[in-house]
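Fold and contact review
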Amino acid sequence: MQATPGAIADEPVLELSGVYQHVKGQMALSDIALSVPRGEWLLVTGPNGAGKTLLARLLLGLDRPSAGRIQLLGRALDGLEGDALKRLRADVGGVLQGGSLLESATVLDNLLLPLRDEPLSRSAMARAARLVMTLLNLDGLENQVPRALSLGQRRLVELARALIREPKILVWDGFSEGLDLPAMRETLGVLSNLSRNRGLTLVATDNRPDILGDEPHRIAVLARGRLLFTGTADELEDARDTNLALRAALAGTI
Ligand SMILES: Nc1ncnc2c1ncn2[C@@H]1O[C@H](COP(=O)(O)OP(=O)(O)OP(=O)(O)O)[C@@H](O)[C@H]1O
């Protein structure tokens, strides 16, 4: 198991303070503060339109916040450009909602995309691809094109691509998208091993607050771009009894 929630762990590998994001004149994220220690898991949950994808994109360095500070692995994202940003991105893998596979490329070529600028031989790249494929039970699919795959397999190929550079942080937007319960359980087992053995930190987003099951994790509840709660699943259970807005957010009625 990865470090238990609340344990005194290493320095946070991911820290946000006072983060705001405007989208088309609307305040879509307001005053977000989060801190995740190495090897821990954070689930960001909340109803449709709460701002989960916007937050995931900020963590992946795909968008810049309108205001506030984002620190990943001790480095402030806002000051980073060019090669420094590229290096940081290598340490942060992302699985985005809605899919992002190249439809005209094979599974293998999709997996190798993040390695295209690395000074690696083709055989070293193929070895790295085989490792992640085996890890995620994708063996035998390397020459398929994405449209030949089930939605679940596509998600796992996206996960494999995110893991191929052995990132220190994985940001997974829309965790349950395309995955049935057995696939989800198996994937959680793989991620749990990576957290235990390599200190992988996970930030997952999902509309469902219970999606990470019994794996130790913290939960952040977003609604209308504001963080209503951060804590453990047990603390969330207690808080929802007395907090009307939190109950509405979890029910998707806010
Ligand atoms: N490109 C965009 N143009 C206009 N508004 C946007 C854009 N992207 C996001 N928004 C708005 O920002 C808010 C947050 O959107 P976001 O996609 O982050 O929510 P979410 O919590 O991920 O929702 P879902 O669970 O449906 O994926 C929503 O009101 C959304 O309409």
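Criteria and cut-off values
Residues numbered from 1 in each chain as written. Predicted model: local features only at pLDDT ≥ 70, side-chain atom pairs only at ≥ 80, totals over all residues. Helix = DSSP H or I, 4+ residues; strand = E, 2+ residues; numbered from the N terminus. Contact = placed C-beta atoms within 7 Å. Near = placed C-beta within 6 Å. Nonpolar A, V, L, I, M, F, W, Y, C, P; charged D, E, K, R; others polar. Pairing = 2+ DSSP bridges. Axes fitted to C-alpha atoms, helices over the stretch in contact; angles between N-to-C directions. Domains from an automatic or database assignment. Buried ≥ 20, exposed ≤ 12 C-beta atoms within 10 Å, placed from the backbone. Right-handed = clockwise from strand over helix to strand, strands pointing away. Expected span 1.5 Å × (residues − 1).

Right, let's get into the overall build of the protein. A count of helices and strands for the protein gives 8 helices and 10 strands. With respect to the principal axes defined by its C-alpha atoms, the protein has extents near 55 × 40 × 40 Å. A separation threshold of at least 6 residues defines the contact pool for the protein, and within that pool the share at least 24 residues apart is 71%.

This part covers the site of the ligand. Around the ligand, the surrounding shell holds 13 residues, and the nearest of these are Asn48, Ala50, Lys52, Thr53 and Leu54. Per-class residue counts for the shell around the ligand are 4 nonpolar, 7 polar and 2 charged.

The next point concerns the sheet that holds strand β6 (residues 92–95). Pairing is mixed in the open sheet, where 6 strands are placed in the order β6-β7-β8-β3-β9-β10. The sheet terminates laterally at β6 and β10 (226–232), the two strands that pair on one side only. Neighbour-to-neighbour, the strand axes of this sheet turn through a mean angle of 15 degrees, independent of strand direction. Alignment of strand β7 (residues 169–173) against strand β8 (residues 201–206), held across 5 bridges, turns out to be parallel. Residue pairing across strands places Asp173 opposite Thr205, the latter belonging to β8. Along the sheet face, helix α8 (residues 244–251) touches β9 (218–223) and β10 and points at about 90 degrees away from the line of β9.

Within the open sheet, the 4 strands sit side by side as β2-β1-β4-β5. Their pairing is antiparallel. Strands with a single pairing partner mark the edges of an open sheet, and in this sheet they are β2 (26–37) and β5 (75–76). With 8 bridges connecting them, strand β1 (residues 12–23) and β2 associate as antiparallel partners. For Val23, the partnering residue across the bridge sits in β2 and is Gln26. Here helix α1 (residues 52–59) sits on the sheet and contacts β1, β2 and β4 (67–72); the angle it forms with β1, its principal contact strand, is near 125 degrees.

Moving on, we get to the domain arrangement of the protein. Per the domain assignment, the segments making up the protein are domain 1 (12–91 + 168–251) and domain 2 (100–166). Relative placement of domain 1 and domain 2: their C-alpha centres are 24 Å apart. Top element by residues in the side of domain 1 that touches domain 2 is helix α6 (residues 181–198). It accounts for 4 residues. Classifying every residue of the side of domain 1 that touches domain 2 gives 5 nonpolar, 2 polar and 3 charged.

All right, on to the pairing of β8 then. For β8, a buried count of 6 out of 6 residues is recorded, marking the element as mostly surrounded by other parts of the structure. Where burial is concerned, the two faces of β8 agree: the one with Thr201, Val203 and Thr205 and the one with Leu202, Ala204 and Asp206 are both buried. Across 5 bridges, the pairing between strand β3 (residues 41–45) and β8 is parallel. Within β8, the position partnered with Thr45 by the bridge is Asp206. Regarding the hand of the β-α-β motif, the stretch spanning β7, α6 and β8 is right-handed.

Before going further, it helps to examine helix α4 (residues 122–135). The terminal C-alpha atoms of α4, which comprises 14 residues, lie 20 Å apart, in line with the 20 Å expected from a rise of 1.5 Å per residue. Residues of α4 that are buried in the fold lie against α3 (107–112) and α5 (151–163). Immediately downstream of α4, the backbone of Asn137 shows phi near 60 degrees, a positive value.

Once that is clear, we can look at α1. With 6 of its 8 residues buried, α1 lies for the most part within the structure. If you check which residues of α1 are buried, you get Lys52, Leu54, Leu55, Ala56, Leu58 and Leu59. The first or second residue beyond α1 is Gly61, which carries a positive phi of 70 degrees.

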